[in-house]
Amino acid sequence: MALTPKKPDLMEQVTNLAKRRGFVFPSGEIYGGLNGFWDYGPLGVELKNNIKKLWWQSNVRGRDDVVGLDAAIITNPKVWEASGHTEHFKDELVECKNCHRRYRATEKTEKCLACGQTEFTAPQGFNTMFKTYLGSTASEDDIAYLRPETAQGMFVNFRNVLDSSRQKVPFGIAQVGRSFRNEITTGNFIFRDREFEQMELEFFVKPGDDEKWHEYWKKERLGWYLDLGIKKANIRVRDYEASELAHYSKATSDVEYNYPFGGWAELEGIANRTDYDLKRHIEASGKDLTYFNEETKEKFVPYVIEPAAGVERIFVVLMLDAYAEEEDKEGIRSVLRFHPKVAPVKAAIFPLQKDEALVKIARGIYGDLRSLWNVQYDQGGSVGRRYRRQDEIGTPFCITIDFETLTDKKVTIRDRDTMKQDRILISKLKAYLSKTLN
Ligand code: GAP
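Please read these numbers as outputs of a predicted model, since none were measured by experiment.

(A) Structural detail: the sheet that holds strand E5 (residues 102-104). In space, the three strands of this open sheet follow the order E5-E4-E6, with antiparallel pairing throughout. The sheet is open, and its two edges are formed by E5 and strand E6 (124-127), each paired on a single side. Neighbour-to-neighbour, the strand axes of the sheet open up by a mean angle of 50°, direction not taken into account. In terms of strand pairing, strand E4 (residues 90-95) meets E5 through three bridges, oriented antiparallel. Looking at E5, one finds that Leu-93 is bridged to Arg-104.

Take a look at the structure:
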């Protein structure tokens, strides 16, 4: 019987599990942590890597009209002036007049959550780019910024990529990398961070074709999430009202998830950025970032459709969506029903007992599978307890080596979701797992 927890509990259950089982830790926890910064443990780093690998495969390697880029986190500060970030990348901030707790203006409540007073300062702009100084003098001339988005790397390298890659419009440049924002308020676990990873694609199109491509990418990106196993009822695409649009955007749609805290909110943004960025960089740098179509002899500044996702948001959504508690013969099991392609551990190998002959075979299988997938070896406690441990971290398969294995060369393979057990030949194990995992 399914007992999946009610929504507010779900967030707590998933946050606890993430810490307890080594997905996510507060950064620098032994010194009290640091707001908006997180460290990813042994399972967290696997899950993150799987998300990034799947995104790259779908958006870059799997297509012939998108190429990759890895730009520096710190770049010439003129980039941020031209892009409008120095001027516009602001959140409205209000402060409690009594205890000075700060809120984003959009999040302000009637009473201060810390002291209960009701008087706040008027909203004022706060630039959320992180500043640093280059070199040793720490003077105003040496100010640089940690990038608040990866997107600008693609715009300022537009000419370089075009000249070196033989791409023709329509085509895209994609990048995965860290971004930094000095968010006024952080929270809801890893939903809003000060350091996070973005996976962004700038898709350059002919002006006039932009609306068609915007629709294309909305469908494509929603499909990607459904392929990861996210439940259809929990995810949707919402088009922005005109009043919500950023200064650079003609139309934006969000892929939204129905989070247990506060309901529908952004998972990924898909913006029509028009020719805003390239034009700003043409004006500011004096360089030619136009596109010349050899066949039609047309010259134009491309429009840009930008699907922009955050790794941490996908991470938390995958965990929330996959988490279930259910009753079985032995009590309640908690299980992460990850799609096998995102699961951090693909299979676990157990010798039934710490018997020398069983351990030898189990270690052999472990070594063999490890060359292909991230797998775990576990010989501690009853097999039932070992199943529970693997269910909780979302491992799709458990493989048990028992005394019959010594004679029939077969192992028991147990499916996480159905809990059904099959006996199969060791020599067929890789093919059996490949069917689901690859
Ligand atoms: N280049 C466009 C851009 O950066 P955005 O909507 O500000 O657009 C894109 O960010 C995605 O990056 C968001 O949908 C979200 O997934 C992620 N993201 C943005 N700010 C974040 C933060 N403070 N913490 C975690 N993820 C964030």
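Anyway, onward from the coordinates.
(B) Inspection of the environment of Pro-148 at higher detail. Looking at where Pro-148 falls in the secondary structure, it is placed in the loop between strand E8 (143-145) and helix H5 (151-156). Judged by relative accessible area, Pro-148 falls into the buried class, the value being 0%. Sequence separation between Pro-148 and Gly-22 is 126 residues; the distance between their C-alpha atoms is 28 Å. Apart from residues no more than four positions distant in its own chain, Pro-148 is found in contact with Trp-80, His-85, Phe-89, Met-129, Ser-179, Phe-180, Arg-181, Phe-196 and Gln-198.

(C) Here's a closer look at the nonpolar core. Core analysis: the biggest nonpolar cluster contains 55 residues, and Phe-23, Ile-314, Met-319 and Phe-338 have the highest contact counts within it. For this core, the element with the most residues is helix H9 (residues 311-322), which contributes nine residues. In terms of nonpolar packing, the next biggest core, distinct from the first, is built from 20 residues, Leu-358, Ile-365, Leu-369 and Ile-413 among them.

(D) Looking closely at the side chain of Arg-386. As for its placement among the helices and strands, Arg-386 is situated in helix H11 (residues 383-393). Comment: no salt bridge for buried Arg-386; closest opposite-charge side chain is Asp-378, at 5.0 Å. Apart from residues lying up to four places away in sequence, Arg-386 is in contact with Phe-350, Pro-351, Leu-352, Asp-378, Gln-379, Gly-380 and Gly-381.

(E) Helix H6 (residues 158-165), seen in detail. Every buried residue belonging to H6 is among Phe-158, Val-161 and Leu-162, and all of these are buried. Take H6 and look down its axis: the buried residues cluster within an arc of 100°, on one side only. When the buried face of H6 is taken as reference, the exposed residues oriented beyond 90 degrees from it are Asp-163 and Ser-164. Looking at the buried residues of H6, the elements they touch are strand E3 (66-68), H5, strand E9 (171-180), strand E10 (195-205), helix H8 (276-285) and strand E14 (291-293). Directly after H6, the chain includes Arg-166, whose backbone phi takes a positive value near 60°.

(F) Structural view of the side chain of Lys-346. Along the polypeptide, Lys-346 turns up in the loop between strand E18 (331-336) and strand E19 (347-351). No salt bridge is formed by the buried Lys-346; the nearest opposite charge belongs to Glu-46, separated by 7.6 Å. Within the local environment of Lys-346, its side chain forms a polar contact with the backbone oxygen of Ala-343, the two atoms lying 2.8 Å apart. Excluding its chain neighbours within four sequence positions, the residues that come into contact with Lys-346 are Asn-50, Pro-340, Lys-341, Trp-373, Asn-374, Thr-395, Pro-396, Phe-397 and Leu-437.

(G) Up close: the pairing of strand E21 (residues 397-401). The element E21 is largely enclosed, with a buried count of five among its five residues. Residue alternation in E21 divides its side chains into two sets, Phe-397, Ile-399 and Ile-401 and Cys-398 and Thr-400, and both sets are buried. Two strands pair when backbone bridges link them, and E19 and E21 are joined in this way by five bridges, in the parallel orientation. The partner of Phe-350 across the bridge, within E21, is Thr-400. Strand direction decides the pairing type here: E21 and strand E22 (residues 410-415), joined by four bridges, are antiparallel. Of the residues in E22, the one forming a bridge with Ile-399 is Ile-413.

Calculation notes
- Counting of residues starts from 1 at the beginning of each chain's written sequence and follows it residue by residue.
- Residue-level local features of this predicted model are given only where pLDDT is at least 70; pairs of side-chain atoms are given and counted only at 80 or more, and the full residue set underlies all totals for whole chains, interfaces and linings.
- Only hydrogens and water are set aside when side-chain values are computed; all heavy atoms of the structure are taken into account.
- One requirement defines pairing of two strands: DSSP has to find at least two bridges between them.
- Secondary structure elements are taken from DSSP: a helix is a run of H or I of four residues or more, a strand is a run of E of two residues or more, and numbering for both begins at the N terminus.
- Lines fitted to C-alpha atoms define the axes, with helix axes restricted to the stretch in contact, and inter-axis angles between N-to-C directions lie between 0 and 180 degrees.
- Remark: exposure states derive from per-residue accessible area (1.4 Å probe, protein chains only) relative to the maximum for the residue type, with buried under 20%, exposed over 50%, and partly exposed in between.
- Here, two residues are considered to be in contact whenever any of their heavy atoms come within 4.5 Å of each other.
- Throughout this description, the term nonpolar core refers to a set of buried Ala, Val, Leu, Ile, Met, Phe, Trp, Tyr and Cys residues connected via side-chain atoms within 4.5 Å.
- His residues and chain termini do not enter the charge count, which takes Lys and Arg as positive and Asp and Glu as negative.
- Any Lys or Arg side-chain nitrogen located within 4 Å of an Asp or Glu carboxyl oxygen qualifies as a salt bridge.
- What the arc measures is the spread of directions leading from the helix axis to the C-beta atoms.
- As used in this structure description, the phrase polar contact means that two N or O atoms lie within 3.5 Å; if the pair is within protein, one of them must be able to donate a hydrogen and the other to accept it, and residues adjacent in sequence are counted only when both atoms belong to side chains.

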